Amino acid sequence: MSILVYIEHADGKVKKTSLEAVSYANALAAQTGEGEVVAVALGTVDSGELASVGKAGASKVLHADDARLTDGVIQAHAAAVAQAFGSVGAKTLVLAKSSLGDAVAARLAIKLNAGLVSNVVELPNTSGGYTVKRSIYTGKAFAESSITTENKILAVKKNAVDLKADGADATVEKISVTLSDADFASKITSTERATGEILLPEADIVVSGGRGMKGPENWGMIEDLAKTLGAATGCSKPVSDIGWRPHHEHVGQTGVKVAPSLYIAIGISGAIQHLAGVNSSKCIVVINKDPEAPFFKAADYGIVGDAFEVVPKLTEALKAEL
Ligand code: FAD
């Protein structure tokens, strides 16, 4: 028996969230005795990159090297993963919670007659059942869900588990999957790449600006700090609504939900709708001239001061240090 992990990749790299899913599966296998962790990757990606998935705890990676699968066509991915699930005799599928992961997991739950819990933050409690803790209300509360089906799907929340990195390289085995035209019934007709070197949803560090930045002409300061830290840039909703920044940078309940190691909020008040997009961050630093700004309540570190004075000084200090 094995635990199967669905791997996502982009630009030739396995996503960190998928490595977290493998790390989770590794700990789960140790807890439940479900045997080895096998990963499945779809589409064009380098074998060496896939072998490195072993560092997170997979012993084998099944690779359906079919170029049609590279773009993440949801039905086809679900069909391919279902076949891999059957071939390794798995009862549990682990994957990262993501927009692609959610869409694939929902279809797999039907195909495999599996109970699905998404946004999982801990290993399940298996004493007298199978109960899984998950994050709800954009990280404000937790719920416990029981799975009663034999087949189980767990979608792991970003940053919820420690990344294992000390495993040996995995063996990579090419597999072929049977796909029909119906699996490609929906097509991706075009994709638009977000600007910026580091994609916001994936970023490990985010520097975000709000209305306190006064205007788009002042964003050089945000970009300079972001570049110094190797960070992505984000913004509050009004900033993108006014057109100071593109919409794909809008962070919050109605925008991108980020989960970086470090989130730096500059001139953002900290409205509940903004916090809903950032409260999975490991460390939050707030720079605001108003000591009563609500964001300080959610901050790990706060600087009360004028962004136009603080940010250039902070950037200079970091440049000297890094
Ligand atoms: P403001 O509230 O105007 O705050 C600006 C801050 O900058 C203030 O705290 C001020 O003290 C500070 N400041 C001013 N000058 C300086 C300076 N020189 N130096 C340092 N600090 C300074 N918002 C989101 O961000 N994301 C969402 O997804 C989102 N979804 C929403 C959904 C709904 C249904 C609704 C009703 C609202 C939503 N909002 C969202 C809007 C949200 O309620 C706030 O209005 C918004 O987040 C405020 O943006 P802000 O902090 O940039 O601006």
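The coordinates are above.
Each chain carries its own residue numbering, running from 1 in the direction its sequence is written. For this predicted model, a pLDDT threshold of at least 70 governs which residues receive local features, and a threshold of 80 or more governs which side-chain atom pairs are given and counted, while totals over whole chains, interfaces and linings are taken from all residues. The basis for the side-chain values is all heavy atoms of the structure; hydrogens and waters are excluded.

**Q** Describe the pattern of salt bridges, listing the residues and the values that go with them.
**A** By definition here, a salt bridge exists when the distance from a side-chain nitrogen of Lys or Arg to a carboxyl oxygen of Asp or Glu is within 4 Å. Inspection of every chain in the model, using the stated rule, returns 16 salt bridges. For D169, the salt bridge goes to K55, with nearest N and O atoms at 3.1 Å. Highlighted residues: D169 in the loop between β10 (152–156) and β11 (171–174) and K55 in the loop between α2 (47–51) and β5 (60–64), separated in sequence by 114 residues. Type-normalised accessible area, obtained with a 1.4 Å probe on protein chains alone, sets the label of each residue: buried when under 20%, exposed when over 50%, and partly exposed for intermediate values. What makes K55 partly exposed here is its relative accessible area of 35%. A single salt-bridge network, built from bridges that share partners, covers E8, K15 and E202. Helical segments are the DSSP runs of H or I of at least four residues, strand segments are the runs of E of at least two, and each set is numbered from the N terminus.

**Q** So what's going on with the layout of surface pockets? Residues and values would help.
**A** A 1.4 Å probe that fits into a set of points on a 1 Å grid over the protein atoms alone but cannot get out defines a cavity; an open set with protein on both sides within 12 Å along at least five of seven lines defines a pocket, and lining residues are those with an atom within 4 Å of a point. Grid points are joined across faces, edges and corners, and a volume is the space filled by probe spheres set on the points. Each pocket or cavity is described by its volume, and for the second largest pocket that value is around 250 Å³. Around the second largest pocket, the lining comprises 17 residues; the ones closest to its centre are S236, P238, I268, S269 and A271. Counting only elements with at least two residues in the lining of the second largest pocket, the list comes to α6 (237–242) and α7 (272–275). By the convention adopted, Pro, Cys, Tyr, Trp, Phe, Met, Ile, Leu, Val and Ala count as nonpolar, Lys, Arg, Asp and Glu as charged, and the other residues, Gly among them, as polar. When its residues are assigned to classes, the lining of the second largest pocket shows four nonpolar, eleven polar and two charged.

**Q** Go over unusual backbone geometry, please, and point to the residues and values.
**A** Despite not being glycine, N119 has its phi angle at roughly 70°, a positive value. Considering the arrangement of structural elements, one finds N119 in strand β7 (residues 115–120). The backbone of K214 shows a phi angle near 70°, a positive value even though the residue is not glycine.

**Q** Describe in detail the nonpolar core, supporting the description with residues and values.
**A** Counting residues in hydrophobic clusters, the biggest one holds 32 residues, and the most contacted among them are L4, L42, L69, V81, L93, L108 and I153. Among the elements of the structure, β1 (2–7), β4 (36–42), β5, α3 (74–87), β6 (92–96), α4 (99–111) and β10 are those that each provide at least two residues to this core. By residue number, the principal contributor to this core is α3, which donates eight residues. Leave out the neighbours within four places in its chain, and L42 touches Y6, H9, A64, L69, H77, A80 and V81. Among the nonpolar cores identified, the runner-up in size contains 29 residues, and V5, A39, I147 and A170 belong to it. We define a nonpolar core as any set of buried Ala, Val, Leu, Ile, Met, Phe, Trp, Tyr and Cys residues linked to one another through side-chain atoms lying within 4.5 Å. Residues count as neighbours in contact if any of their non-hydrogen atoms are within 4.5 Å of one another.

**Q** Hey, could you go over the site of the ligand for me, with residue numbers and the actual values?
**A** Note on definitions. A residue lies near a molecule or strand when any single heavy atom of the residue is within 4 Å of it. Around the ligand, the structure places 26 residues, and the nearest of them are R211, S236, S269, Q273 and N288. We call two N or O atoms a polar contact when they sit within 3.5 Å, provided that within protein one can donate a hydrogen and the other can accept it, with sequence-adjacent residues counted only if both atoms are side-chain atoms. One of the backbone N or O atoms of S269 is found 2.7 Å from an oxygen atom in the ligand. K289 is positioned with one of its backbone polar atoms (N or O) 3.2 Å from a nitrogen atom of the ligand. Summarising the interface, the protein chains cover 75% of the accessible area of the ligand, which totals 980 Å² for the free molecule. To be counted as sitting in a cavity or pocket, a molecule needs more than half of its atoms within 2 Å of that site's grid points. A majority-of-atoms criterion places the ligand in the second largest pocket. Contributions of two or more residues to the shell around the ligand are made by α6, α7 and α8 (307–321). In these tables, accessible area is a Shrake-Rupley quantity obtained with a 1.4 Å probe, and a residue counts as shielded only by the protein chains included in the view.

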